[in-house]
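# A look at the structure
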Amino acid sequence: MALHEQIRAYIQNNLVVFDEQAKFSDSDNIFELGFVNSLFAMKLLTHIEGTYHITVDNDELDLANFASVNNIVALIERKRAEVEA
Amino acid sequence: MTKEIKCVVWDLDHTIWDGVLLESEQVVLKPGIREILTELDARGILLSIASRNSREDALQKLREFGIEDFFLYPEIHWNAKSSSIAHIREHLNIGIDTILFVDDQGFERDEVQSVHGDVECVDAADYLHLLDHPRLNPKFITEDSKRRRLMYLEDMQRKQIEESFEGPQDAFLASLDMVFTITEAAEEDLKRAEELTIRTNQLNATGRTYDYEELNAFRQSPNHLLLVCELTDKYGSYGKIGLALVEKTETHWHLKLLLMSCRVMSRGVGTVLLSYIMQETKRAGKLLRADFVRTDRNKMMYVAYRFANFKEERVDEDGTLLLINDLSSIASFPPFIDVRTSILENTTRY
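So, a few notes on the structure that sits alongside this text. (Residues numbered from 1 in each chain as written. Chains lettered and ligands numbered in written order. Predicted model: local features only at pLDDT ≥ 70, side-chain atom pairs only at ≥ 80, totals over all residues. Heavy atoms only, no water.)

## Observations concerning the packing of aromatic side chains
- One pass over the structure, following the stated rule, counts 7 aromatic pairs over all chains.
- Look at Phe-66 of chain A and Phe-307 of chain B: their rings are 5.1 Å apart centre to centre, the planes differ by 65°, and that puts the pair in the edge-to-face class. Of this pair, Phe-66 of chain A sits in the loop between helix H2 (38–51) and helix H3 (69–84) while Phe-307 of chain B is found in helix H11 (residues 299–307), placing the two residues in two different chains.
- Across from the ring centre of Phe-24 of chain A, 4.6 Å away, lies the NZ or CZ of Arg-8 of chain A, which sits over that ring.
- The aromatic ring of Phe-65 of chain B is capped on one face by Lys-61 of chain B, whose charged end is 5.9 Å from the ring centroid. (Phe/Tyr/Trp six-rings, centres within 6.5 Å; stacked < 30°, edge-to-face > 60°. Helix = DSSP H or I, 4+ residues; strand = E, 2+ residues; numbered from the N terminus. Lys NZ or Arg CZ within 6 Å of the ring centre and 35° of its normal.)

## Notes on the side chain of Lys-240 of chain B
Residue and element names in this part refer to chain B.
- Note that Lys-240 resides in strand E10 (residues 236–248).
- Within the structure, the side chain of Lys-240 is placed 3.5 Å from the side chain of Asp-189, a separation counted as a polar contact.
- Sequence-distant contacts of Lys-240, that is, excluding residues within four places in its chain, are made with Asp-144, Asp-189, Arg-192, Leu-196, Val-228, Cys-229 and Glu-230. (Polar contact = N/O pair within 3.5 Å; in protein donor to acceptor, adjacent residues only side chain to side chain. Contact = heavy atoms within 4.5 Å.)

## A few points about the packing of helix H3 (residues 81–92) of chain B against helix H4 (residues 106–115) of chain B
Residues and elements named next belong to chain B.
- Taken N-terminus to C-terminus, the directions of H3 and H4 make an angle of 55°; their axes are 8 Å apart at the nearest point. Relative to H4, the element H3 is oriented oblique. When the axes of H3 and H4 are compared, the crossing they make is right-handed. On the side of H3, the interface is formed by Lys-81, Ser-82 and Ile-85, while H4 contributes Glu-108, Glu-111, Val-112 and Val-115. (Axes fitted to C-alpha atoms, helices over the stretch in contact; angles between N-to-C directions. Parallel < 35°, antiparallel > 145°, perpendicular 65-115°, else oblique. Left-handed = near helix turned anticlockwise from the far one by under 90°.)

## With respect to the sheet that holds strand E15 (residues 337–341) of chain B
Residues and elements named next belong to chain B.
- Read across the sheet, 8 strands follow the order E13-E14-E12-E11-E10-E9-E8-E15 without closing on themselves; strand pairing throughout is mixed. A strand with exactly one partner marks an edge of an open sheet, and here the two such strands are strand E13 (311–315) and E15. This sheet shows a mean twist of 25° between the axes of neighbouring strands, independent of strand direction.
- Where helix H8 (residues 190–199) meets the sheet, it contacts strand E9 (224–233), E10 and strand E11 (252–260), and its direction lies at approximately 85° from that of E10. (Pairing = 2+ DSSP bridges.)

Now the structure itself:
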């Protein structure tokens, strides 16, 4: 499964609203839409650090980096590139 | 500093009772054990069990003795006690270095010690001295500590219902009818406030502890705001679970201390107090600063600040990280919680 789908699936499994109410595109801000709460941000951080073997630096702990599928994927890919470099 | 013990984990055979249950049903409670359990419970220290036994038989025996209700998340099976203690720690969400383990067998104590170096292990032969153990004598016994076991029992009930709940998490949380009350600390809150600064590790922005007198001075100071919060739901009260100390200056409000009991982490209320302070600071027309001192446990608090749009400003000489927030974006309260405040109506204070 491509990274975008993996992240999307993870978010969908953690929605605080019913699935049918939660339609979002890869660029939608899921926090502003109210589909997830701040507790989820914390859970998401732990999840991506554990699953993708990356460590998010303090200066990247900006909610914007976690606010949409695209931004999360971009963050993971950037961190992975750093590890490989 | 050696931390106060939050949970005592007991073996059963030759520890709680004389004899081995598997060999004879005629085991008897050790002299004084009921009194010790009762006293520890009254001090707000949690109790649990790590025993190699048949679960049903052992629970039945505890029930006969009338002491079953003392024990939270008892681990009674044939697996290693180190894993039992790990499970208990996870259920109670407390630090491994706040657990004390009592067992009559050196082998079991060594096995636990080899895996969990920070667990204090005590030979059951010394059980009569337990009540005098310095780490089992909390500095304060508050309303919250006396009710602690009850609060965990209510929590077990909530968890069972949560696990069987179909539907999204918010709907479950909404079904709890949670009320989050923020008030200025009254004198009778100070013991609990001090206790919170000592007991809270993960969701603690600075790890600083304040004693009763210091807190009392802040409470009365016109330049400070000392806030406590309480959470209740339809199953009962979680007690006083959060504390914040704000210093008010000409241009800024400054969060010197922010902490939240780990018990409420799964309730999605962790950011309510912070959001509230952000709202009030903005209403007062000030900027908000916050101190953060890194400890080995509190990364989650740093993340909470950053996700609430705090930026790093500078590091003080003593290592305190200063965060600043322009309050351009403030999270609203979660819809599933009723937030009540009984302060700041009399705005003449600042």
